[in-house]
Amino acid sequence: MKIAIRDDDTCFFTSPEEIEHVYGDVWQRVPVCLATIPFAIGYPRAGIPESEWHSGRAFPLEQNPELVAWLQTRIAARRVTVALHGYTHEDYADGFEFQAAPDLERRVTEGRAYLERVLGVPIHVFVPPHNALSKRGLEAVSAAGLDILGSFLSFRPSNRPWEWRTAVNWWRVQRFRLATGRRRTAPLIYPHALKYGRHAEFGCYGLIPGTTLEQLVAGVEEARRFGGDFCLATHYWEVDERLKSILMRFLDHVAAMPGVRFVSAEELFD
Ligand SMILES: [Zn+2]
């Protein structure tokens, strides 16, 4: 069973100390996939100066050379990997970036090329900002051949571009829903990578304020019962002492499970 960690929102506004503070005693056990924003535009959240919440200004990652140098070192040491997390991560009046921006194909292509050039690593995985992806967003990411790490992605055929695997994967998810005794609308994280024509998708469990250790343990035990894998997703900027303690106890729990292997998030798609 593969276990991975994903952390969202590394960008111009991030300082290496913030990430070191959360993962300095984690990534020797499991590398952390940093879902990184190439040209961040501010929005209201902790860690972004209030003056940038509505300024609409884009900040290329390179304008934080300390962070770029730190990322390169940590990538070389295999402590972190990097995924593409949108292009600007900006919110629109009618949706999040990968639901509402007009030029999604360009954003995927340019964002990926930019991170690859600045950080010197190939990018294989896309994480949608706010885990939100429209049919058009999905098409753009799939066309680029990037695998997708999400949380509550929709498998409903009407929400997706059509291909024969859409129906097969929908059916797989429904069988899992039945086998786990879930009602039709109950939230569900399918514990296997679902392969489509040009990409694959894997759903993560969130570690956010309100998450309990019991919920994560129940999730990982369910994934194990079904021969699946598990990925935990969080944001470094909201990991306080309580969340950090849950993270460490969760890692201790899974480390004691037989047959567990800590991997990078990219390896979930192997
Ligand atoms: Zn994000």
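Up top you'll find the structure we're talking about.
Residues numbered from 1 in each chain as written. Predicted model: local features only at pLDDT ≥ 70, side-chain atom pairs only at ≥ 80, totals over all residues. Heavy atoms only, no water.

A.B. asks: Would you take a moment to explain the overall build of the protein for this structure?
C.D. replies: The helix and strand tally for the protein stands at 8 helices and 14 strands. In terms of overall dimensions, the protein is globule-like: its C-alpha atoms have a radius of gyration of 18 Å, near the 18 Å expected for 270 residues. Structurally, the protein occupies a C-alpha span of about 50 × 40 × 30 Å along its principal axes. Every one of the 270 residues in the protein was classed for burial, and the buried ones make up 54%. For the protein, the accessible surface area stands at approximately 11,900 Å², while carbon and sulfur atoms represent 53% of it. Of the charged side chains in the protein, 31 are positive and 34 negative; the average position of the first set lies 9 Å away from that of the second. (Helix = DSSP H or I, 4+ residues; strand = E, 2+ residues; numbered from the N terminus. Rg over C-alpha atoms; globule rule 2.2 N^0.38 Å. Buried < 20%, exposed > 50% of the residue type's maximum accessible area, 1.4 Å probe, protein only. Areas by Shrake-Rupley, 256 points an atom, 1.4 Å probe, with all protein chains shown as cover. Lys, Arg positive; Asp, Glu negative; His and termini not counted. Charge placed at Lys NZ, Arg CZ, Asp CG, Glu CD.)

A.B. asks: Looking at this model, I keep getting lost on the nonpolar core. Mind explaining?
C.D. replies: Nonpolar side chains in soluble globular proteins tend to end up buried together. Y23, L119 and F250 are the most contacted members of the largest nonpolar core, which has 56 residues in total. Beyond its immediate chain neighbours, meaning those up to four positions away, F250 contacts L213, L216, V217, V220, F230 and L232. Counting 16 residues, the second largest nonpolar core, distinct from the first, contains L149, A200, F202 and A265. (Core = buried A, V, L, I, M, F, W, Y, C linked by side-chain atoms within 4.5 Å. Contact = heavy atoms within 4.5 Å.)

A.B. asks: I keep staring at the pattern of salt bridges and nothing clicks. Help me out?
C.D. replies: Using the criterion set out here, one finds 16 salt bridges in the structure. Notably, a salt bridge pairs R117 with E62, separated by 3.5 Å at the nearest N-O pair. Here R117 is found in helix α4 (residues 104–119), whereas its partner E62 is found in the loop between β4 (58–60) and α2 (65–76), with 55 residues between them in sequence. Using a relative accessible area of 56% as the deciding quantity, one classes R117 as exposed. For the salt bridge of R160 with E201, the shortest nitrogen-to-oxygen distance reads 2.4 Å. Linking R160 in the loop between β9 (147–150) and α6 (164–179) with E201 in strand β11 (residues 200–203), this pair joins segments that are 41 residues apart in sequence. On the basis of relative accessible area, E201 is assigned to the buried category, the value being 3%. (Salt bridge = Lys/Arg side-chain N within 4 Å of Asp/Glu carboxyl O.)

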